[in-house]
Amino acid sequence: MATKSLKATGNELAQNNRQLEILNGGIFADGELPYFKDKIDQIGQFPLRPKKLEILQINVGYMCNQVCEHCHVDAGPDRKEIMTRETMQQCLEVIKNTGAHTLDLTGGAPEMNPDFRWFVEEAAKAGIKDFIVRSNLTIIRANKKYHDLPDFFKKHNVHVISSMPHWTRGKTDKQRGDGVFDKSIKALQELNERGYGMPDSDLRLDLVYNPSGAYLPGDQAAMEKDFKKALKEDFGIQFHNLFAITNLPIARFLDYLIASENYEDYMYALVEAYNPVAVTNVMCRNTISVSWDGWLYDCDFNQMLDLKVASKIKHIKDYNEDILNDRNIIISQHCYGCTAGAGSSCQGTVA
Ligand code: SF4
Ligand code: SF4
């Protein structure tokens, strides 16, 4: 299990250009597999265009208490990119005026940003309909100063979405690190005690599943049933929905695919599972992603490849929703991860 990010170890995949070279070259450049652009052109979806903006996703920093094997952010304790209060202020101006109904805070572990609580308190005042915080759960148990997070989340009626790769200790710890399962279970129980995840509760608690290896997720509804049964029977835990997410071939998952000699097979599997219906609902069509330093992207994946929006508005300080909505979305071969099978987005399947 890695203890450092690709960036800290000087791995060449920490460079966005190197990742893009891989995604645009090899089996795609020599014509074995079609470029994503050509595939969506066949259904009249190229260039890919936004629909109405619904979700503002803000990444408040790449620091994390974990170093998960599949992480598309290449997050870890050694990452120092953290959103400043000044950039948060610029985000708050946008949050107050946006037409988006969902605010989605992500990271790294967003709670590790020293201004996280201030930002949540201020953002909650804007009264956005659905205010999501993506919490990795273990952060709640990582240090005493985080133990009251379940109460803090409840106070601000935050919708908690958390990763939980499996209902067994072995599979979870293999992907996310030793001890992650036990801490996650404890954190989920604490959230349940506050009312999170209970059948009739407004305190939303959803879990995210992503595969541990070079394969696509199974059926979301069937998995949700299995997760619910196992977590309830074994630990008395309840939650609302399970989102099944496909691992995209970038950052640490790309490193894993290459190191395990699965890269080509995985790309074949993604292309084979291409579902044109999913293209209509890929999340970049209703989302804007903001990086820790205020740059704007079509999605969190493009952010990690530093593919900024193709618009004259590129930074949160200049934000203009109408101008931004009139742009072409930047795509590459990693996009096949969003259109495989039932599709994949930060909120699960899309088709
Ligand atoms: S997957 Fe999530 S919890 Fe794991 S290292 Fe990345 S940001 Fe942290
Ligand atoms: S990776 Fe991003 S840009 Fe590509 S289809 Fe998915 S959401 Fe859209």
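Residues numbered from 1 in each chain as written. Chains lettered and ligands numbered in written order. Predicted model: local features only at pLDDT ≥ 70, side-chain atom pairs only at ≥ 80, totals over all residues. Heavy atoms only, no water.

### With respect to the overall build of the protein
- Helix and strand content of the protein: 16 helices and 8 strands.
- In summary, the protein has a C-alpha radius of gyration of 19 Å against a globular reference of 20 Å for 351 residues, a match within 12%.
- In the protein, which comprises 351 residues, the proportion classed as buried is 56%.
- Partitioning the intrachain contacts of the protein with sequence separation of at least 6 by distance along the chain shows that 74% fall at a separation of at least 24.
- Of the accessible surface of the protein, which amounts to about 14400 Å², a share of 48% is contributed by carbon and sulfur atoms.
- Separation between the mean location of the 40 positive side-chain charges and that of the 47 negative ones in the protein comes to 5 Å. (Helix = DSSP H or I, 4+ residues; strand = E, 2+ residues; numbered from the N terminus. Rg over C-alpha atoms; globule rule 2.2 N^0.38 Å. Buried < 20%, exposed > 50% of the residue type's maximum accessible area, 1.4 Å probe, protein only. Contact = heavy atoms within 4.5 Å. Areas by Shrake-Rupley, 256 points an atom, 1.4 Å probe, with all protein chains shown as cover. Lys, Arg positive; Asp, Glu negative; His and termini not counted. Charge placed at Lys NZ, Arg CZ, Asp CG, Glu CD.)

### So, the pairing of strand β5 (residues 205–209)
- Burial runs high along β5: 5 of the 5 residues are buried.
- Burial along β5 is two-sided: Leu205, Leu207 and Tyr209 and Asp206 and Val208, pointing in opposite directions, are all buried.
- Both strand β4 (residues 159–163) and β5 contribute to a ladder of 4 bridges, which runs parallel. Residue pairing across strands places Val160 opposite Leu205, the latter belonging to β5. (Pairing = 2+ DSSP bridges.)

### Some words on the sheet that holds strand β6 (residues 242–244)
- One open sheet accounts for 8 strands, arranged β6-β5-β4-β3-β2-β1-β7-β8; its pairing is mixed. Strand pairing shows two members of the sheet lacking a second neighbour, β6 and β8 (296–297), which therefore form its edges.
- Inspection of the sheet shows strand β3 (residues 130–134) paired to β4 by 3 bridges, in the parallel sense. Of the residues in β4, the one forming a bridge with Arg134 is Ile161.

### A short note on helix α13 (residues 263–272)
- Burial in α13 covers these residues: Tyr263, Tyr266, Met267, Leu270 and Val271. The arc that holds the buried residues of α13, viewed along the axis, is 135 degrees, so those residues lie on one side. Along α13, exposed side chains directed more than 90 degrees from the buried face belong to Asp265 and Glu272.
- Buried residues belonging to α13 abut α2 (16–24), α3 (26–29) and α12 (251–259). (Arc of directions from axis to C-beta.)

### Describing the site of ligand 1
- Close to ligand 1 lie Cys64, Gln66, Cys68, His70, Cys71, Ala75, Gly108, Asn136, Arg176 and Arg252, which account for all nearby residues.
- In the shell around ligand 1, the residues fall into 4 nonpolar, 4 polar and 2 charged. (Near = heavy atom within 4 Å. Nonpolar A, V, L, I, M, F, W, Y, C, P; charged D, E, K, R; others polar.)

### Remarks on the packing of helix α9 (residues 169–176) against helix α10 (residues 180–193)
- Packing of α9 against α10 brings their axes to within 8 Å, and their N-to-C directions diverge by 110 degrees. As summarised for this structure, α9 and α10 are arranged roughly perpendicular, according to the angle between their axes. The segment α9 lies against α10, with Arg169, Thr172, Asp173 and Arg176 engaging Val180, Phe181 and Asp182.
- Among the residues making up the contact of α9 with α10, the classes are represented as 2 nonpolar, 1 polar and 4 charged. (Axes fitted to C-alpha atoms, helices over the stretch in contact; angles between N-to-C directions. Parallel < 35°, antiparallel > 145°, perpendicular 65-115°, else oblique.)

### Some words on the nonpolar core
- Leu56, Ile58, Phe119 and Phe153 are the most contacted members of the largest nonpolar core, which totals 101 residues.
- Membership of the second largest hydrophobic core comes to 5 residues, among which are Ile132, Ile161, Phe243 and Ile245. (Core = buried A, V, L, I, M, F, W, Y, C linked by side-chain atoms within 4.5 Å.)

### Here we look at the site of ligand 2
- Taken together, Leu248, Val282, Met283, Cys284, Cys299, Phe301, Asn302, Ile329, Ile330, His334, Cys335 and Cys338 form the complete shell of residues around ligand 2.
- Split into classes, the residues belonging to the shell around ligand 2 amount to 10 nonpolar, 2 polar and no charged.

### Overview of the packing of aromatic side chains
- What the rule picks out here adds up to 11 aromatic pairs.
- Plain terms: the ring middles of Tyr274 and Tyr336 are 6.2 Å apart, the flat faces sit at 85 degrees to each other, and that makes the pair edge-to-face. With Tyr274 in the loop between α13 and α14 (276–279) and Tyr336 in the segment after α16 (321–325), this residue pair connects regions lying 62 residues apart in the sequence. For the pair Tyr274 and Tyr336, one class covers both residues: buried.
- Aromatic rings pair up to connect Phe28, Tyr35, Phe36, Tyr274 and Tyr336 into one cluster.
- Taking the ring centre of Trp295 as reference, the NZ or CZ of Lys308 above it sits at 4.8 Å. (Phe/Tyr/Trp six-rings, centres within 6.5 Å; stacked < 30°, edge-to-face > 60°. Lys NZ or Arg CZ within 6 Å of the ring centre and 35° of its normal.)

### Thoughts on the side chain of Ser289
- Summarising the element assignment, Ser289 is placed in strand β7 (residues 287–290).
- Residue Ser289 is classed as buried on the basis of its relative accessible area, which comes to 0%.
- Only 2.9 Å separates the side chain of Ser289 from the side chain of Gln303, close enough to count as a polar contact.
- Excluding anything up to four places from it in sequence, Ser289 contacts Gln57, Trp295, Leu296, Tyr297, Cys299, Asp300 and Gln303. (Polar contact = N/O pair within 3.5 Å; in protein donor to acceptor, adjacent residues only side chain to side chain.)

### Regarding the pattern of salt bridges
- Counted according to the given criterion, the structure contains 24 salt bridges.
- With a closest N to O distance of 2.8 Å, Glu81 and Arg79 form a salt bridge. Accessibility classification places Glu81 together with Arg79 in one group, the buried group.
- Within the structure, one salt-bridge network assembled from shared partners comprises Lys7, Asp74, Arg79, Glu81 and Arg252. (Salt bridge = Lys/Arg side-chain N within 4 Å of Asp/Glu carboxyl O.)

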